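Observations on the three-dimensional arrangement
Okay, here's what each chain looks like letter by letter:
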Amino acid sequence: MADINLKEVTLIVGVVTACYWNSLFCGFVFDDVSAILDNKDLHPSTPLKTLFQNDFWGTPMSEERSHKSYRPLTVLTFRLNYMFSELKPMSYHLLNMIFHAMVSVVFLKVCKLFLDNKSGLIATLLFAVHPIHTEAVTGVVGRAELLSSIFFLAAFLSYTKSKGPDNSIVWTPIALTVILVAVATLCKEQGITVVGICCVYEVFIAQGYTLPLLCTTAGQFLRGKSSIPFSLLQTLIKLIVLMFSTLLLVVIRVQVIQSQLPVFTRFDNPAAVSPTPTRQLTFNYLLPVNAWLLLNPSDLCCDWTMGTIPLIESFLDIRNLATFAFFCFLGILGIFSLRYPGDSSKTVLMALCLIALPFIPASNLFFPVGFVVAERVLYVPSMGFCILVAHGWQKISNKSVFKKLSWACLSVVILTHALKTLHRNWDWESEYTLFMSALKVNKNNAKLWNNVGHALENEKNFERALKYFLQATHVQPDDIGAHMNVGRTYKNLNRTKEAEESYVMAKSLMPQIIPGKKYAARIAPNHLNVYINLANLIRANESRLEEADQLYRQAISMRPDFKQAYISRGELLLKMNKPLKAKEAYLKALELDRNNADLWYNLAIVYIELREPNEALKNFNHALALNPRHKLALFNSAILMQESGEVKLRPEARKRLLNYVNEEPLDANGYFNLGMLAMDDKKDTEAEIWMKKAIKLQADFRSALFNLALLYSQTAKELKALPILEELLKYYPDHVKGLILKGDILMNQKKDILGAKKCFEKILEMDPTNVQGKHNLCVVYFEEKDLLKAERCLVETLALAPHEEYVQRHLNIVRDKISSSGFVEQPVLPAGKSTGEEGENRIPTENVKEIRSESRPTQTTETTEDKSESKHNKQLQKNKEAPQKTKDIKEIEKKRVAALKRLEEIERILNGE
């Protein structure tokens, strides 16, 4: 076996770099979104053991919706990328390019086992530049092919060293081969097929048997005419070890997928659910289609599902000729390689093995897969193809008459392939460019029209997206997903009637529900979301809540393990004021997924509705244990701690709010509630800073504006409170508490009796029964020396609040003053000062001195309301709290759980000083 030199390595790496440098500027597209962007297994917060429990896409292997693609080592490399660059695509593409260069270098070493140095290098260069590899190299998820190929080839190279002198067995390379096969399989399933190549190599290359000789030897042994040759016995021992190791890997693999095949639909692979002979004719025709892509990679497409390749439903279909010709050619090569001895036949045999054996898992011949044709699965088979081409070129170029022509043709092929690869890389720049390039090749695939629509939808270009989604329904009228996409887009365009019609159409295409039977139809599990989407749409209408609930229950009856249905139903039940049933729904969802932080969060919301704050806090803590950066759990658990009134919980509440503002630096509510905590702890300067930050982010933040003004008034900075109150009343001119506080400051600090009077009169215009405003207007009359008007005013106030002792006392003061003065002279009373003894000539205004507004967790969003507690007269007697809470419910969709931030204001109404 010839070694590779530095010049060859440099050439290969240079060619790979020249062909794939522009892939570094591509983003995450197509399957990359699920495998990278949406895969939580990449995050450092996810335990490493989870990588070995989930499939390639981050879905637990136990779930039916799992694709059963078990590639933990590939996901581990994604995780390493995430560790160094998070979700910056360049590093992912760079590593893919490096892996492709490594595969090419190792492939050169394999080529030199069967080809001379020149032909081996040509085969490697053709492999390095072949356009069919762009999906495997430029598409990040293609890393599974790249990694598996490295260990695949390494395992084969290791096995070639298992034959010692005198045909003895060298066990170390065999043991290493078994380990490398296992590693290759953990990168991608096709890695296990290298065992078959090792077996063929052992029998026909290492031992030099041909098929006739092998048959003759076996026949003689069976007839008892001869014993088993020692070389054949050694071969059998090695093959038994290999096959036993392979069987063990297969058993483990079956255990990992829990003896379940993935669920694919007729949209993913139409032939898989077709009757005989359509299924067989179509699957066999796909073999020459794949061979043609290797031979002529001019029209490449990222998605060959659905109607890309029409089914072959008759033996008279002209395409059957291609299948026949392909098998004839394959048969001729096979007979040549197995029947005749010699280096040429050995080269052809190993090339055929590299083409055929790694392709078997994707061939649909033994079990269905989730695609019709996938270019990336041709990555390893293309190695055998390149060896065949290089070997054929070698035969032709050895004839002097064809030598120059063969070199010219070879140069043209390598150059055009390299340019095609360079150009093809740009198709993977974005999802829009990728799917538009695919539509140029094939317009009969509804999935491509859908995917272009998704790309436009991600750019918020809903009008254009709708056109592509509608075209998908025309291309494939029974495509449930296309109708769902149309419905969602109509909803985004606020065309709810059309949205509902589209969802109803999608629902009508679903299999009928069989009462008492678990849903087991072979359709995509995500198609069941049509029930969720339709229910989410119609539940915006309060009169159709029961109808929405029925849809959720339908989805659950079809799939009792449909987690999202329980989650959505729980939200609806909360809206219907059925917290106990909502609790049952969330508990059922938690049985299916106890590691879902959002579910624990939602259950905490239910306990809040059930008025069980301790249980709610426990569930918030569960959510944060699973996801320490869960924003809503951080925020709402902090508010729950704050509302509990327990001083010992305040430090943790503050810590969680600080973490929340780190996660959501643009949410004013976080800073506001930090300010409220500071006010509780009497940290006035800190409270002022937080309140100002909240107002800076949200200029019309009602509670922040009022509480900042209140803070100033409490700290003897009343004049600084006035501009804040002006700002508050600009946005909320009917803010009663703000008007009361402004009137008090105007009267007590600015001595602006007229301005204060306008404030109190405005309150009474809005609410003639407002006791605070009415009382303070009475004080204004007193300050204006109109004792009779003040008396009448206080009598009217007392009628509104007969149990308010301070009003009666102030009325007595005024009447005493009227009696003692004899109306000769009206005394001038100091405005807004606290009363001393009952005989003193002072009447205080009833002034707001503290209003608290805090956020409180719940399932849906809400508005801010006020909550007041008053203090009055010199004895600072407390009135009862008068809480007022309202909720403004707003629906939220998809995987995000909702959050209700209930803002409360607590007022403390103090006497003058």
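The present account deals with the structure reproduced in this document. Here the structure is a predicted model, which is why all the values come from computation and not from measurement. (Residues numbered from 1 in each chain as written. Predicted model: local features only at pLDDT ≥ 70, side-chain atom pairs only at ≥ 80, totals over all residues. Heavy atoms only, no water.)

Another point: the overall build of the chain. When helices and strands are counted, the chain shows 38 helices and five strands. The buried share of the chain, reckoned over its 913 residues, is 55%. The contacts of the chain with a sequence gap of at least 6 include a subset with a gap of at least 24, amounting to 68%. As displayed, the chain offers around 40,600 Å² of accessible surface, 59% of which is attributable to carbon and sulfur atoms. (Helix = DSSP H or I, 4+ residues; strand = E, 2+ residues; numbered from the N terminus. Buried < 20%, exposed > 50% of the residue type's maximum accessible area, 1.4 Å probe, protein only. Contact = heavy atoms within 4.5 Å. Areas by Shrake-Rupley, 256 points an atom, 1.4 Å probe, with all protein chains shown as cover.)

Let us now look at the nonpolar core. F107, F156, Y379 and M383 are the most contacted members of the largest nonpolar core, which has 238 residues in total. Broken down by element, the residue count for this core peaks at eleven residues, all from helix α9 (residues 194-206). The contacts of M383, once residues within four sequence positions are left out, are V103, F107, F127, S149, L153 and L354. By size, the runner-up hydrophobic cluster in this structure holds 13 residues, among which are I36, F56, W57 and V141. (Core = buried A, V, L, I, M, F, W, Y, C linked by side-chain atoms within 4.5 Å.)

So, about the state of the cysteines. Counted by the stated rule, this structure contains one disulfide. Note that C778 is cross-linked by a disulfide to C793, the S-S spacing being 2.0 Å. Note on the C778 and C793 pair: the S-S dihedral is about -80°, so by sign convention the disulfide is left-handed. Of this pair, C778 sits in helix α36 (residues 771-783) while C793 sits in helix α37 (residues 787-800); the two residues are 15 residues apart in sequence, bridging distant segments of the chain. C793 carries the same exposure label as C778, and that label is buried. (Disulfide = S-S within 2.5 Å.)

Turning to the packing of aromatic side chains, a few remarks are in order. A complete count under the given rule lists 18 aromatic pairs for this structure. Measuring from ring centre to ring centre gives 5.1 Å for F28 and Y92, while their planes differ by 80°; the resulting arrangement is edge-to-face. Note that F28 is positioned in the loop between α1 (6-20) and α2 (31-37) and Y92 in helix α4 (residues 89-114), a separation of 64 residues in sequence. Taking the centre distance of 4.9 Å and the plane angle of 50° together, the rings of F635 and Y660 count as tilted. Here the residue F635 occupies a position in helix α28 (residues 631-644), and Y660 occupies one in helix α29 (residues 650-663), the gap between them amounting to 25 residues. No difference in accessibility class separates F635 from Y660, as the two residues are buried. Taken together, the ring pairs in this structure connect W21, F25 and W426 into an aromatic cluster. Positioned above the aromatic ring of F56 is the side chain of R71, whose terminal nitrogen or guanidinium carbon lies 4.9 Å from the ring centre. Residue placement shows R319 over the ring face of Y285; its charged tip is 5.3 Å from the ring centre. (Phe/Tyr/Trp six-rings, centres within 6.5 Å; stacked < 30°, edge-to-face > 60°. Lys NZ or Arg CZ within 6 Å of the ring centre and 35° of its normal.)

A separate point is the environment of A709. Its place among the elements puts A709 in helix α32 (residues 702-714). In sequence terms A709 and A721 are twelve residues apart; their C-alpha atoms lie 4.3 Å from each other.

For the rest of this paragraph, the subject is unusual backbone geometry. The step from T276 to P277 runs through a cis peptide bond, and the omega angle for that step is 5°. Checked against the element boundaries, P277 lands in the loop between α11 (230-256) and α12 (278-295). A positive phi angle is found at E86, which is not glycine, with a value near 50°. The phi angle at K785 is positive, at roughly 70°, despite the residue not being glycine. Take K785: it is sitting in the loop between α36 and α37.

Another point: the pattern of salt bridges. Per the counting criterion, the structure on display carries 38 salt bridges. A salt bridge links R539 to E571; the nearest nitrogen and oxygen atoms lie 3.2 Å apart. One end of the pair, R539, is in the loop between α22 (529-538) and α23 (545-558); the other, E571, is in helix α24 (residues 563-575), with 32 residues separating them in the sequence. Taking the relative accessible area as the measure of exposure, R539 reaches 2% and is therefore buried. The class of E571 is buried, set by a relative accessible area of 9%. (Salt bridge = Lys/Arg side-chain N within 4 Å of Asp/Glu carboxyl O.)

Mapped onto the elements of the fold, E145 is located in helix α7 (residues 143-159). Leave out the neighbours within four places in its chain, and E145 touches A136, K188, Q190, R376, V377 and Y379.

Time to look at the packing of helix α21 (residues 496-508) against α22. Between α21 and α22, the shortest axis-to-axis distance is 10 Å and the interhelical angle comes to 155°. Our classification of the angle between α21 and α22 gives roughly antiparallel. Handedness of the crossing formed by α21 with α22: left-handed. For the pair α21 and α22, the contacting residues are T496, A499, E500, Y503, V504, A506 and K507 in the first and V530, Y531, N533, L534, L537 and I538 in the second. (Axes fitted to C-alpha atoms, helices over the stretch in contact; angles between N-to-C directions. Parallel < 35°, antiparallel > 145°, perpendicular 65-115°, else oblique. Left-handed = near helix turned anticlockwise from the far one by under 90°.)

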